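Here is what each chain is made of, one letter per residue.
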Amino acid sequence: MQIKRNVLLNPGPATTTDSVKLAQVVTDICPREKEFGDLMEYCATEITKFVGDPKDYVTVLFGGSGTATVEAILSSVVPENGRILIIDNGAYGKRMCQITKIYKLDTVVFESSSIEPIDLKALEEVIKGEKGLTHLAMIHHETTTGLLNDIAAVGKLCATYKISFIVDSMSGFAAIPVDMKAMNIDYLAASSNKNIQGMAGIGFAICNKKALLATESIPMRNLYLNLYA
Ligand SMILES: *Cc1c(COP(=O)(O)O)cnc(C)c1O
């Protein structure tokens with residue numbers, strides 16, 4: 001079969017090869033059967049291996065765009081008395097702030113330039129000054145400007161101040177190496193349609209198992225997007 005090839009110049013959904021397109025032409029498979037479960041588990045484990053050891057990290061797949069996955073993480077992991085700091089240095093950081101506002105999460109916003117590196121000293125001062133921070137969320141690679149944020153350095157701060165670290169690596173995942181353990185990341189959001197150049201429509205929430213299991217007692221704020229469920 002010949003498929004006309006368009007070269008898309010947007011960051012994603014990305015151009016797909018014929019082999020990716022044709023891989024979808026398969027026998028129908030029942031989502032209630034073991035073979036479907038096995039396939040899901042295989043995909044989730046392979047995705048996890050990009051950034052962590054499947055012994056300690058697990059990938060939750062969502063039928064939805066990348067934004068659904070970011071919303072799933074943010075709405076699921078911050079406890080009722082929790083407090084989240086979001087680094088806003090571009091369009092996608094702003095979107096995170098929009099999400100936590102909708103869910104009425106106690107949010108501190110650290111604004112930073114969308115083209116200059118984050119001032120880590122200023123960030124640390126804010127972390128020290130704000131009481132009761134439980135989570136910190138930021139973008140890895142700010143797709144709209146191409147700014148690559150130093151997640152390793154922020155991960156170190158999170159380790160020092162015992163803050164759970166959330167990273168949206170939608171346009172970094174599978175192109176820029178990430179080591180969730182070394183970078184102290186508990187939750188990483190990625191998707192099927194940017195660097196891995198798959199079909200759009202699946203979001204990946206890669207989670208530190210221990211951190212995820214500890215969210216069991218947080219009252220659910222939604223149903224489909226609840227990460228623990
Ligand atoms: C593309 C992107 C998103 C949103 O993903 P969608 O699949 O378009 O919903 C979120 N964050 C970053 C950094 C992105 O590049």
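Each residue is numbered by its place in its chain's sequence as written, counting from 1. In view of the model being predicted, local features appear only for residues whose pLDDT reaches at least 70, and side-chain atom pairs are presented and counted only at 80 or more, with totals across whole chains, interfaces and linings using the full set of residues. Calculated side-chain values reflect all of the structure's heavy atoms, with hydrogen atoms and water omitted.

- Going by an unreviewed UniProt entry, the protein chain carries the name Aminotransferase class-V and comes from Arenibacter troitsensis.
- UniProt positions are given in the numbering used here, feature names are shortened, and annotations may be inferred rather than shown by experiment. Listed in UniProt under the heading Cofactor (unreviewed entry), the comment for the protein chain reads: "pyridoxal 5'-phosphate".

**Digging into the overall build of the protein chain**
- Comment: elements are numbered from the N terminus, with helices defined as DSSP H or I runs of at least four residues and strands as E runs of at least two. From N to C terminus, the protein chain includes seven helices and nine strands.
- Values of the radius of gyration come from C-alpha atoms, whereas the globule rule sets the reference at 2.2 Å times the count of residues to the power 0.38. What you see for the protein chain is a C-alpha radius of gyration of 18 Å, in line with the 17 Å of a compact globule of 229 residues.
- Considering only C-alpha atoms, the protein chain reaches an extent of 60 × 40 × 30 Å along its principal axes.
- Three exposure classes are used, based on accessible area relative to the maximum for each residue type with a 1.4 Å probe and protein chains only: buried under 20%, partly exposed in between, and exposed over 50%. Burial statistics for the protein chain: of 229 residues in total, 45% are counted as buried.
- The contact criterion used is simple: two residues touch if any of their non-hydrogen atoms lie within 4.5 Å. A separation of at least 24 residues holds for 63% of the contacts in the protein chain among residues at least 6 apart in sequence.

**Some details on the site of the ligand**
- Nearness is judged by heavy atoms alone; a residue qualifies as near a molecule or strand once a single heavy atom is within 4 Å of it. For the ligand, the full set of nearby residues is S65, G66, T67, Y92, R95, I139, H141, T143, D168, M170, S171 and K194.
- Measuring from an oxygen atom of the ligand, one finds a side-chain N or O atom of K194 at 2.7 Å.
- Isolated, the ligand exposes 380 Å² of accessible area, and the fraction of that covered by the protein chains is 89%.
- Ten residue types, Ala, Val, Leu, Ile, Met, Phe, Trp, Tyr, Cys and Pro, are classed as nonpolar, four, Asp, Glu, Lys and Arg, as charged, and the remainder, Gly among them, as polar. Each residue belonging to the shell around the ligand can be placed in one class, and the counts come to three nonpolar, six polar and three charged. Polar contact criterion, stated in full: a pair of N or O atoms within 3.5 Å, where within protein one must be able to donate a hydrogen and the other to accept it, and residues adjacent in sequence count only if both atoms are side-chain atoms. With residues, only the protein chains shown are counted as cover, and all accessible areas are computed by Shrake-Rupley using a 1.4 Å probe.

**Brief notes about the packing of helix α5 (residues 120-129) against helix α6 (residues 151-160)**
- With their axes 11 Å apart at the nearest point, α5 and α6 run at an angle of 25° to one another. Here α6 runs roughly parallel to α5, going by the angle between their axes. In terms of crossing hand, the pair formed by α5 and α6 is right-handed. Residue-level contacts link L120, L123, E124 and I127 of α5 to A153, V154 and L157 of α6.
- In terms of residue class, the contact of α5 with α6 is made up of six nonpolar, no polar and one charged. Axis definition: a line fitted to C-alpha atoms, limited for helices to the stretch in contact. Angles are taken between N-to-C directions and run from 0 to 180 degrees. Any angle from 65 to 115 degrees is called roughly perpendicular, while one under 35 is roughly parallel, one over 145 is roughly antiparallel, and all others are oblique. Two helices cross in a left-handed way if the nearer one is turned anticlockwise from the farther one by less than a right angle. They cross in a right-handed way if the turn is clockwise.

**Considerations on the environment of D56**
- With respect to the helices and strands, the residue D56 is situated in the loop between α2 (34-49) and β1 (57-63).
- Residues D56 and K210, spaced 154 residues apart in sequence, show a C-alpha to C-alpha distance of 7.5 Å.
- Among all residues touching D56, those that are not within four sequence positions of it are C207, N208 and K209.

**Section: the nonpolar core**
- The term nonpolar core refers to a set of buried residues drawn from Ala, Val, Leu, Ile, Met, Phe, Trp, Tyr and Cys, joined through side-chain atoms within 4.5 Å. If you look at the biggest cluster of nonpolar residues, it comprises 29 residues, and the most contacted ones within it are L85, I87, L123, L136, F165, I185 and L188.
- Counting residues per element, the ones that place at least two in this core are β2 (84-88), β3 (107-111), α5, β4 (135-139), α6, β7 (164-168), β8 (187-191) and β9 (202-208).
- Considering every element that reaches this core, the biggest residue donor is α6, with four residues.
- With residues up to four places along the chain from it excluded, the contact list for L85 reads V108, F110, L123, V126, I127, L133, H135, L136 and A137.
- With 27 residues, the next largest nonpolar core counts I73, L74, I99 and Y103 among its residues.

**Overview of helix α3 (residues 66-77)**
- Given a rise of 1.5 Å per residue, 12 residues ought to cover 16 Å, and the 17 Å separating the end C-alpha atoms of α3 matches this to within 8%.
- Along α3, 10 of the 12 residues are buried, which leaves the element largely enclosed by surrounding structure.
- Residues of α3 that are buried include every one of G66, A68, T69, V70, A72, I73, L74, S75, S76 and V77, and no others. In a helix, the anticipated span is given by 1.5 Å times the number of residues less one.

**Focus: unusual backbone geometry**
- With an omega of -5°, the peptide bond between G12 and P13 qualifies as cis.
- Relative to the elements of secondary structure, P13 occurs in the segment before α1 (18-22).
- Phi at K162 is positive, roughly 55°, even though this residue is not glycine.
- Following the sequence through the fold, K162 ends up in the loop between α6 and β7.
- Of the residues examined, K162 reaches a relative accessible area of 72% and is grouped as exposed.

**Details of the side chain of N226**
- Mapping N226 onto the fold places it in the segment after α7 (209-213).
- Among the residues examined, N226 registers a relative accessible area of 9% and is labelled buried.
- Within polar-contact distance, the side chain of N226 engages the backbone nitrogen of Y228 at 3.3 Å.
- A polar contact is formed between the side chain of N226 and the backbone nitrogen of A229, at a distance of 2.9 Å.
- Sequence-distant contacts of N226, defined by excluding residues within four places in its chain, comprise F62, S76 and M220.

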